[in-house]
Amino acid sequence: MSGPLVVLVGPMGVGKSTVGELLAERLGTGYRDTDADIVAVEGRTIAEIFVDEGEARFRSLESTAVAAALAEHTGVLSLGGGAVLDAATRALLAGHRVVYLSMDVEAAVKRVGLNTARPLLAVNPRRQWRELMEARRSLYTEVADVVVATDDRTPEEVTQAVIDALELPQLPGTTPPPAVATADPGTTGQETRMTQDAPIRIQVGGTEGHAPYEVLVGRSLLGELPALIGDRAKRVAVLHPEALAETGETVRQDLAGQGYEAIAIQLPNAEEAKTVEVAAYCWKALGQTGFTRTDVIVGVGGGATTDVAGFVAASWLRGVRWIAVPTTVLGMVDAAVGGKTGINTAEGKNLVGAFHPPAGVLCDLAALDSLPVNDYVSGMAEIIKAGFIADPAILDLVESDPEGARTPAGPHTAELIERSIRVKAEVVSSDLKESGLREILNYGHTLAHAIEKNERYKWRHGAAVSVGMVFAAELGRLAGRLDDATADRHRAVLASVGLPLTYRGDQWPKLLETMKVDKKSRGNVLRFIVLDGLAKPTVLEGPDPAVLLAAYGEVSA
C-alpha cells in the first residue's frame, strides 16, 4: 500500500511533532502534521476553531485532512490526538505502519496541564486527560502496530525506539544510543517487542536512627528480594499466613536457591495471627534456627501478617531487619508502610507493638489479581481515606470509574495504590512515632477499631474504617468544622465501591468505652481526627458527648 512510511498517533502533548521531525530526518524523508495542515487551510489555530465552531466542526476538518495526507504523503505523518475517534480514519489506517506514542497521566499533566492552547484540557487538566485517554486508549491500540512509551525518555530516545521497533533503515551516522520500546500501562501487551515498565520506587525518609527505605510498586518484584536482604544475612525467615502456604514455600525455596538458610513460618489467617501466642511461636522458631542480628525476616501476606512480621522483627534480639511483601490492597497502602507493627490483646487492637520500619517493601500488583473482591474492596477504604486527608485526586479517580476501582483490573489500580503510598510515605517520613502529623492517618480509625473489637475482629478492617470515616465526617460537620458537600461526599464515594456506611445503633455504649482506651486518647480525653475541609485534617479534642452521640446517630443502622 502506498502512503506514509510511518504514521504517529497518540494523545496531545506526547511529542508527536518533535519525534516525527527527528524520525523523518533519520529516515531521510519528509514530515507532515495534519493539525498543521488544518491550520494552514483555515488560517486559524486549533483552539480558535474549537471556540468559533465547536469540536464537531473541527473533527470534520480533521477527517478530511487525514484522508488527504494518507493519500498524498510518503514520509512520516503525525495525526492529531483525537483523529482516531473517526471510524473512517481508523479504517484508512489499516495496512499502514502506525506507532502509538503513549504517556502516563503524570507526564501528561507536566507537558500539557497548564497549556491553555489545549482546548480539551482547559478546566481540570488531570481529570479531563484521564477521561480522554479512557475513551481513546483502546482506539490507539486498535490502529497501532507497536506502542512506544515516552515517559522519562528524551525525544531522541523515543525516535530510536520507534526505528528499532519497526526495524526501519536509517541514514548512516544518525544512530544515537539504543533504546527499547516499552508497553503503555493501559495496553494488553499485544506487541512482543514491548518490555515491562520498571517498578515505581517511592522513598520513605529515615528518622530517629532508622534508615530510609524504598517501597516498590510493580509486577514480578520477587527478584528484588536478595538485594534487599543483602550479603550479611545468613538466615531468612519467611512468615506467611496459612492461606498463602504455597506462596510462602515458593519464596522460601527461591531464597534457598540464592544460598540463604531459609525457613517458612506459617501463621493463622488474618487477625487471628495477631496474638502474643503466635508471636511467641515465631520467637521459638527463630531461636531454634539460631537467628542472629544480621539475619532477616520477610513477611508475605496481608496487613495482619506484615504487622506480626514487623513486631517479631522489632522484638527479636531488640530488633532485626525485615522486609514486607504485602499481598493485599490494605497491606500495600497501609500496614506495610511506616513501621507501625503490633499485635492485639483482649482489651483492644494494636495495643502492644513497636515502631520498627522495614528495610524495604515490595508491592507486587500481580498478587492482587486473585484477591477476593470483598478483600480488595476493603482495602479501598484506606485509599479513599488518603484522598480525603491529603490527595483529592484519588477521589476524582474513584468517582470517574467506581466499578473499575473495585477490581485490580481497573484502569487506575496502579495509580490509586501509588498515590496512597505516597501520602503515607510523606507523613511517616516527617513523624515516625505518631507524635504529631502522623495522627492524621488515623482518620476514621478511632471508631473503626472499636467496631473491630466489638465484632471480635470478624469485620474486615476496611469495612470498619469506612463506617469510621462517615462518623468522623458527621462529627466534623456537627462540630462546625466540615462543610456539607465534603461530608456528603464521604457517603457517595464509599458507597460507590460497595463499602458499608452504618453500624448497629444499640452498640454505642460499648463502642464509647472502647474508644476511651484508644491510642489516640490522652488521659480521659477523647481525640478524633476530623476535617476542616477537603485535605485539611485536624484534631478534635474532647467533643461534647451529645455531639458524639448525634454523630453516631448518623451512622446507626
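Up top is the structure.
Rules used throughout
Residues numbered from 1 in each chain as written. Predicted model: local features only at pLDDT ≥ 70, side-chain atom pairs only at ≥ 80, totals over all residues. Heavy atoms only, no water. Phe/Tyr/Trp six-rings, centres within 6.5 Å; stacked < 30°, edge-to-face > 60°. Helix = DSSP H or I, 4+ residues; strand = E, 2+ residues; numbered from the N terminus. Buried < 20%, exposed > 50% of the residue type's maximum accessible area, 1.4 Å probe, protein only. Contact = heavy atoms within 4.5 Å. Axes fitted to C-alpha atoms, helices over the stretch in contact; angles between N-to-C directions. Parallel < 35°, antiparallel > 145°, perpendicular 65-115°, else oblique. Left-handed = near helix turned anticlockwise from the far one by under 90°. Nonpolar A, V, L, I, M, F, W, Y, C, P; charged D, E, K, R; others polar.

A. View of the packing of aromatic side chains. Tallied over the entire structure, the rule returns six aromatic pairs. Pairing Trp459 with Tyr503 gives two aromatic rings, centres 5.3 Å apart and planes at 90°, and the pair type is edge-to-face. Of this pair, Trp459 sits in the loop between α17 (445-454) and α18 (461-478) while Tyr503 sits in the loop between α19 (484-496) and α20 (508-515), and the two are 44 residues apart along the sequence. The class of Trp459 is partly exposed, set by a relative accessible area of 24%.

B. Molecular detail of α17. Across the ten residues of α17, eight count as buried, placing the element largely inside the fold. Residues of α17 that are buried: His445, Thr446, Leu447, Ala448, His449, Ala450, Ile451 and Glu452. In this fold, the buried residues of α17 make contact with β13 (348-355), α13 (373-389), α18, α20, β15 (527-531) and α21 (545-553). In the stretch just after α17, Arg456 is the one whose phi turns positive, near 55°.

C. Just unusual backbone geometry, in detail. For Asn350, which is not glycine, the phi dihedral falls at a positive 60°. Tracing the sequence through the fold places Asn350 in strand β13. Positive phi is not limited to glycine here, since Tyr457 has a value of about 60°. A relative accessible area of 19% places Tyr457 in the buried class.

D. Fine view of the packing of helix α14 (residues 393-400) against α19. Where α14 meets α19, the closest approach of the two axes is 10 Å, and the angle between their N-to-C directions is 50°. In terms of orientation, α14 and α19 fall into the oblique class. Note on packing geometry: the crossing formed by α14 with α19 is left-handed. Within the contact between the two elements, α14 uses Leu395, Asp396, Val398 and Glu399 and α19 uses Arg489, Val493 and Ser496. Its residues assigned to classes, the contact of α14 with α19 shows three nonpolar, one polar and three charged.

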